Amino acid sequence: MNSFLISKYKDVEPYVPGEQPRDKKYIKLNTNESPYPPSEAVIKAVKDSAKSLQLYPDPACRDLKAALAESLKLKPENILPTNGSDEVLSLSFMAYAHDEKPAYYPDVTYGFYDVLSGLFGVKANHFALEDDFTVDIEKYCGLDSGLIVIANPNAPTGIAISVDKIERICKESPDCIVLIDEAYVEFGAESCVGLVKQYPNLIVSRTYSKSMSLAGARLGYAIANENRIIELETLKYTLNPYSVNRSALVAGCAAIEDMQYYKNNCQLVSETRDRTAEKLKSLGFELTDSKTNFVFCRHPGIPAGVLSDELRKAGILVRHFTSERTNDWLRISIGTPEDMCALTDALEKILNGGCI
């Protein structure tokens, strides 16, 4: 078939989302979704919003900006609501990186960064993680231009770095935009939002998808200096001023009002993660120190691909990334305690040579 795609996009490799199967019911531990539903207040707000879906949403997202600003002790001018945190990433790559201003990020991290580099023609400089998958921040200090992108905690490794290290990067690479992707920060890591007032080159990306049980609503936001928000918002209005829909906006506000519900859920997920990690260690798995809603693990006796396939036969989906450095590892989302017991029971059978 002839392609009408213009030449600069022909070699772009798209992001591969986690599988969303429809052939049967699985325990889904492959896409880092919350195992818990939105709060009742959010569900009610979304139902009520359906009465006004004939109207466009507020493109300025004023109510949500105000609610987020109050929650974060910032000004509305420091907030940009977006269509998932991926929109923050897209706008940032578009605004602050190109062929003469490279992007810098780890060689093992969220795969969307490479996709955006390819899409926007950005030179991507991959800084290798250490053998234990930790970030060497020295590599990000003293850079003279471009976009530094660090997921904190990182995905798929789950490992977090401290706020003082992020501050050092901002301070020692003042001519770079430093984008910290905090998609998983609520599960045990430190947020660097407090640095936004001090460092105009810092952008923090956050999402409602993980900790706030709203992956299906596609809601995220950027936190930054007022001038950075104006720059990102200009691009957003150029591309799609209505990128955040009515239901997502009201869901976002209602979730903030019901924050204790979500904090309790995050605590429960973190406790389940730690119990799961201990059980996996007892089965011979090696794990990173995850501060996220997933674990990253490998077993010396069975290849990760085999484990993934066998778990699928047992009705459990996990994520296997097949790049050179991650091919031995599985990323396993944290579900309910019952889900994780089913996982470890299945793994124990597989490791003992039992049939699934």
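Residues numbered from 1 in each chain as written. Predicted model: local features only at pLDDT ≥ 70, side-chain atom pairs only at ≥ 80, totals over all residues. Heavy atoms only, no water.

Visitor: Describe the overall build of the protein, naming the residues involved and giving the relevant values.
Guide: Looking only at helices and strands, the protein has 10 helices and 13 strands in total. Whereas a compact globule of 356 residues would reach a radius of gyration of roughly 21 Å, the protein reaches 21 Å, a difference of no more than 12%. For the C-alpha atoms alone, the extent of the protein along its principal axes is close to 60 × 55 × 50 Å. The 356 residues of the protein split such that 52% are buried. Contacts in the protein between residues at least 24 apart in sequence constitute 72% of all its contacts with a sequence separation of at least 6. Averaging the positions of the 39 positive and the 49 negative side-chain charges in the protein gives two centres separated by 5 Å. (Helix = DSSP H or I, 4+ residues; strand = E, 2+ residues; numbered from the N terminus. Rg over C-alpha atoms; globule rule 2.2 N^0.38 Å. Buried < 20%, exposed > 50% of the residue type's maximum accessible area, 1.4 Å probe, protein only. Contact = heavy atoms within 4.5 Å. Lys, Arg positive; Asp, Glu negative; His and termini not counted. Charge placed at Lys NZ, Arg CZ, Asp CG, Glu CD.)

Visitor: Tell me about the nonpolar core, residues and numbers included.
Guide: In this structure, I148, L202 and Y208 are the most contacted members of the largest nonpolar core, which totals 55 residues. Elements supplying a minimum of two residues to this core: α1 (40-49), α2 (62-72), β5 (146-151), α5 (163-172), β6 (176-181), β7 (202-207), β8 (220-224) and α7 (246-257). Sorting elements by how many residues they give to this core places α7 first, with seven residues. Sequence-distant contacts of I148, defined by excluding residues within four places in its chain, comprise Y104, Y140, L143, I169, S173, C176, I177, V178 and L179. (Core = buried A, V, L, I, M, F, W, Y, C linked by side-chain atoms within 4.5 Å.)

Visitor: So what's going on with helix α3 (residues 84-96)? Residues and values would help.
Guide: An α-helix turns once per 3.6 residues; consequently, residues spaced three or four apart project the same way. Its 13 residues place the ends of α3 19 Å apart at the C-alpha level, agreeing with the 18 Å of an ideal helix rising 1.5 Å per residue. Most of α3 is tucked away: 10 of the 13 residues are buried. (Expected span 1.5 Å × (residues − 1).)

Visitor: Describe the environment of N152, and please don't skip the residues or the numbers.
Guide: By the element assignment, N152 lies in the loop between β5 and α5. Each C-alpha atom, one on N152 and one on Y221, is 16 Å from the other, the two residues being 69 residues apart in sequence. Aside from chain neighbours lying at most four places away, what touches N152 is I159, A160, I161, I166, I180, D181, E182, V185 and E190. At a separation of 2.7 Å, a polar atom in the side chain of N152 contacts the main-chain amide nitrogen of I161. (Polar contact = N/O pair within 3.5 Å; in protein donor to acceptor, adjacent residues only side chain to side chain.)

Visitor: Run through the packing of α1 against α7, naming residues and quoting values.
Guide: At a minimum axis separation of 8 Å, α1 and α7 run at an interaxial angle of 155°. Judged by the inter-axis angle, α1 sits roughly antiparallel to α7. Seen along the crossing, α1 lies across α7 with a hand that is right-handed. Where α1 abuts α7, its residues A41, V42, A45, V46 and S49 lie against S247, V250, A251, A254 and A255. Grouping the constituent residues of the contact of α1 with α7 by class yields eight nonpolar, two polar and no charged. (Axes fitted to C-alpha atoms, helices over the stretch in contact; angles between N-to-C directions. Parallel < 35°, antiparallel > 145°, perpendicular 65-115°, else oblique. Left-handed = near helix turned anticlockwise from the far one by under 90°. Nonpolar A, V, L, I, M, F, W, Y, C, P; charged D, E, K, R; others polar.)

Visitor: Requested: an account of the sheet that holds strand β2 (residues 79-82), with residues and values cited.
Guide: Strand order in this open sheet of seven strands is β2-β8-β7-β6-β5-β3-β4, and the pairing throughout is mixed. On the outer flanks of this sheet lie β2 and β4 (124-127), each paired with one strand and no other. Adjacent strand axes in the sheet meet at a mean angle of 20° when their direction is disregarded. Sheet topology note: the β2/β8 ladder contains four bridges and is antiparallel. Within β8, the residue paired with P81 across the bridge is Y221. Against the sheet, α3 engages β2, β3 (103-106), β5, β6, β7 and β8, with an angle of about 155° to β7. α5 contacts β5, β6 and β7 of the sheet and is inclined by roughly 160° relative to β6. (Pairing = 2+ DSSP bridges.)

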